[in-house]
Amino acid sequence: MSVVRYVCIGNPITYSPHESIGNKQILNNDEERKCIFCGKTEKDTTFKKEAHLFPAGLGNRTFFNKNECDMCNEHIFSPCEDDLCNLLELDRILTGSRKRSSYPKIKNRDGVMQRKGKENNLIIEFGGDRGKFDLIEHHEKNKIEIKVKKPMPYNEVNICKAIAHIGWSFLSESTRESFSYLGKWLIGELSIFPLHLDIAFVPALYEKGVFEIKESTSSFNKFPLLFRFLFESKVLTFYIPINHEVSTEPLPDWNYIDNMERDEEFKISRRIVQYDKRTYPDDVSYTFKYNNRDKAFPLLEE
Ligand SMILES: [Zn+2]
């Protein structure tokens, strides 16, 4: 396979999903309020809500965008962020990142899985019905498996938009201008198919949300930019084509954050998104290894 190289534009952007009051960073803090997505100003739209740059549901209390209007925020990007939170359902619970007022959880009829902040353990209580999640112990291998049945559905187009929504806010105005088709796609004025999204599972639990914008070093690359978002154990990479009509597949960028070494547990699923529709994922399992069961992975069972 030919080698493709992407280099980071600027430093990776990080936030802690656990901090309730961080140093607020407000982007695009111009005098004139003009939405960087739809282009409307205060004459034509409102800017009353604080627009979260990373989703609030992923614990962001740090980054906000002053120039995102209420219409774009609530009607276009909120549903996309909800889908991203659905995809990261289990990661949100495992990291114990705060929602607006509580902590995310999975609930079945009378059981619950939740972690209330990073100082606390993951709590799993089982009721009579093990319908939604299950715990399978492999004592002989020092492993515990958490199985979530029927994970939340999501739309992969919305996942790509949620990632691009973050990236778009960090791009310079001139870069946004050269990718103006992408801005139109973000607000639904045009479609791009197929979309290319890599979803990687990394055997590490990151305590931070990390975002990278990378550009290709080759001027022949039909995917000159990529956005990469790392949250807990998932790394999502969305490849940005040079225009909305590119039909080839991007060569993957395997140079992951921190130059993580790939090993057998580093799984990457390459998604080619052809349709704007909801995906109902298969059951997912997380396996934890431990040396000392109580220390490595404290659990409270029913
Ligand atoms: Zn707008």
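To keep things clear, this report deals only with the structure shown in the data block.

Moving on, we get to the overall build of the chain. A tally of regular secondary structure across the chain gives six helices and 18 strands. Expressed as a percentage of the 302 residues in the chain, the buried residues total 33%. Pairs at least 24 apart in sequence give 69% of the contacts found in the chain among residues at least 6 apart.

Below, the discussion takes up the sheet that holds strand 8 (residues 122-125). An order of 6-7-8 is seen for the three strands of this open sheet, with the pairing classed as antiparallel. Strands at the two margins of the open sheet, each flanked by one partner only, are strand 6 (105-107) and strand 8. Neighbouring strand axes in the sheet, compared pairwise and without regard to direction, differ in orientation by 10° on average. Pairing between strand 7 (residues 112-115) and strand 8: four bridges, direction antiparallel. Following the sheet pairing, Met113 is matched in strand 8 by Ile124.

To continue, consider the nonpolar core. Counting 51 residues, the largest nonpolar core has Ile163, Ala164, Leu226, Phe227, Phe229, Phe238 and Ile240 as the members making the most contacts within it. The greatest single-element share of this core, amounting to eight residues, is contributed by helix 3 (residues 156-170). Ignoring anything within four residues of it in the chain, the contact list for Ile240 reads Phe179, Leu182, Phe223, Pro224, Leu225, Leu226 and Phe227.

Before going further, it helps to examine helix 3. A rise of 1.5 Å per residue sets the reference length of helix 3, with its 15 residues, at 21 Å; its end C-alpha atoms lie 22 Å apart and thus fit the reference within 8%. With 14 of its 15 residues buried, helix 3 lies for the most part within the structure.

Let us look at the environment of Ser218. Note on placement: Ser218 falls in the loop between strand 13 (209-216) and strand 14 (225-231). Look at Ser218 and you get partly exposed, because 15 C-beta atoms sit within 10 Å. Taking the C-alpha atoms as reference points, Ser218 and Tyr6, separated by 212 residues in sequence, lie 8.4 Å from one another.

Attention now moves to the pairing of strand 15 (residues 234-240). Summarising burial for strand 15: six of the seven residues are buried, a large majority. For strand 12 (residues 195-201) and strand 15, the ladder comprises five bridges, and the chain directions are antiparallel. Within strand 15, the residue paired with Phe201 across the bridge is Lys234. Two elements, strand 14 and strand 15, share seven bridges in a ladder whose sense is antiparallel. Following the sheet pairing, Phe227 is matched in strand 15 by Phe238. Once strand 14 ends, the chain turns through two residues before running back antiparallel as strand 15, passing Glu232 with a positive phi of about 60°.

Read across the open sheet, the three strands follow the order 3-5-4; overall the sheet is mixed. The open sheet has two edge strands, strand 3 (25-27) and strand 4 (51-52), and neither has a second partner. Pairing of strand 3 with strand 5 (residues 63-65) involves three bridges; the strand directions are parallel. By the bridge assignment, Ile26 is partnered in strand 5 with Phe64.

This part covers the pairing of strand 14. Buried residues dominate strand 14, accounting for seven of its seven residues. Here strand 14 shows a buried face lined by Leu225, Phe227, Phe229 and Phe231 and a second buried face lined by Leu226, Arg228 and Leu230. Across seven bridges, the pairing between strand 13 and strand 14 is antiparallel. In the sheet register, Lys214 faces strand 14, and the bridge partner there is Leu226.

The rules behind each value
Residues numbered from 1 in each chain as written. Predicted model: local features only at pLDDT ≥ 70, side-chain atom pairs only at ≥ 80, totals over all residues. Helix = DSSP H or I, 4+ residues; strand = E, 2+ residues; numbered from the N terminus. Buried ≥ 20, exposed ≤ 12 C-beta atoms within 10 Å, placed from the backbone. Contact = placed C-beta atoms within 7 Å. Pairing = 2+ DSSP bridges. Axes fitted to C-alpha atoms, helices over the stretch in contact; angles between N-to-C directions. Core = buried A, V, L, I, M, F, W, Y, C linked by C-beta atoms within 7 Å. Expected span 1.5 Å × (residues − 1).

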